[in-house]
Amino acid sequence: MAVGTPGLPKGIAMEKFCYPSHMVEKRPDECYDIYHSILLVTGDPHSLIMIDKGTDSIVFLDEDSKRVFKVKRLDTTKFLSNEGYVLLNIGYSSPLKIAPTVYAFNKYVVVMEYVEGTKFESLPELGLSQNELKRILCRIIRKAMLLDELMVNHGQLSRAYRHIIIRTNDHEPIFIDFGDSTITRKPQNLTSVWSFLHNKGLLRVISEEIDSLDFARSLKKKEETAIKALKEHCASC
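The protein chain is annotated in an unreviewed UniProt entry as non-specific serine/threonine protein kinase of Fervidicoccus fontis.

In structure tokens:
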């Protein structure tokens, strides 16, 4: 049975947007604010389809507008404003397409571009040539370097297979899930991506030289060897 609250149209199930449903009666005001945040962007909440469920949020897709609505869960104290601000900053500051375009956000909802594609973990299923795979890996590295320059730390790129989508139409890697991102003088995006690709045996696709470098030690010694090698091998990507 749909739970109602004053101001909500009949027929709109609160639990569709307010998850988990057993928290609706405990936090009716927050649920009301979530619904109206969505209503401000789309006139037809019924068109939203749930496509993902995470620890701190649930994700809906509006297929007509190709927009994603990331909605705060009721059983977390973590708000979404930070992710909205970070995505906005990246969109304005980066010369490369790093993350989805954000259209609107508040502490309950982030509305962003829907990126149609394949999670990085399913990359082998795309049947890419060696050159195309190298281009994708180089683009990932370049974008990690750019995030470092912007002083944005993604926070989850050590598990990049879950947080990078390979866009369908052009095989462009797009970073997603900035919920744990922070602004810091010492971001670790490149270090995290380097470690992830090395552990997966993918750095040798770019070059054996890069695969053999001890990147973490190079950073500790403030040497530029690793970064210089990366720029040389990925300059044309």
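Novice: Before we go on, may I ask you to explain the state of the cysteines in this structure?
Specialist: A disulfide bridge is the covalent bond that connects two cysteines by way of their sulfur atoms. Applying the stated criterion across every chain yields a total of 1 disulfide. Between the sulfur atoms of C18 and its disulfide mate C31 the distance is 1.8 Å. Between C18 and C31 the disulfide shows an S-S torsion of about 105 degrees. By sign, it is right-handed. Taken together, the residues C18 in the loop between α1 (14-17) and α2 (28-41) and C31 in helix α2 connect sequence positions 13 residues apart. By relative accessible area, C18 is classed as buried at 1%.

Novice: Would you explain the nonpolar core in this entry?
Specialist: Considering soluble globular proteins, one finds that nonpolar side chains tend to be buried as a cluster. Grouped together as the largest cluster of nonpolar side chains are 45 residues, with contacts concentrated most on F120, L137, I141, F175, F178 and L197. For this core, the secondary structure elements donating two or more residues are β2 (57-62), α3 (81-93), β5 (109-113), α4 (130-149), β8 (164-167), α5 (189-199), α6 (203-206) and α9 (225-234). Both of domain 1 (13-113) and domain 2 (117-232) provide at least three residues apiece to this core. Sequence-distant contacts of I141, that is, excluding residues within four places in its chain, are made with L190, V193, L197, L203, I206 and L230. If you look at the next biggest cluster of nonpolar residues, it comprises 17 residues, including F17, C18, C31 and Y35.

Novice: What is the right way to read the packing of aromatic side chains from this model?
Specialist: For any pair of aromatic rings, the description rests on two quantities: the centre-to-centre distance and the angle between the ring planes. Counted by the stated rule, this structure contains 6 aromatic pairs. Between F17 and Y35, the ring centres sit 6.0 Å apart and the planes meet at 55 degrees, which makes this aromatic pair tilted. In this pair, F17 is assigned in helix α1 and Y35 in helix α2, connecting sequence segments 18 residues apart. In this pair, the class of F17 matches that of Y35, namely buried. Summarising the aromatic geometry, the rings of F17 and F60 are spaced 5.6 Å apart at their centres and angled 50 degrees between planes, so their arrangement reads as tilted. Linking F17 in helix α1 with F60 in strand β2, this pair joins segments that are 43 residues apart in sequence. Assessed through its relative accessible area of 1%, F60 is described here as buried. Counting every residue linked through ring pairs, the aromatic cluster contains F17, Y35 and F60.

Each value, and the rule that gives it
Residues numbered from 1 in each chain as written. Predicted model: local features only at pLDDT ≥ 70, side-chain atom pairs only at ≥ 80, totals over all residues. Heavy atoms only, no water. Disulfide = S-S within 2.5 Å. Helix = DSSP H or I, 4+ residues; strand = E, 2+ residues; numbered from the N terminus. Buried < 20%, exposed > 50% of the residue type's maximum accessible area, 1.4 Å probe, protein only. Core = buried A, V, L, I, M, F, W, Y, C linked by side-chain atoms within 4.5 Å. Domains from an automatic or database assignment. Contact = heavy atoms within 4.5 Å. Phe/Tyr/Trp six-rings, centres within 6.5 Å; stacked < 30°, edge-to-face > 60°.

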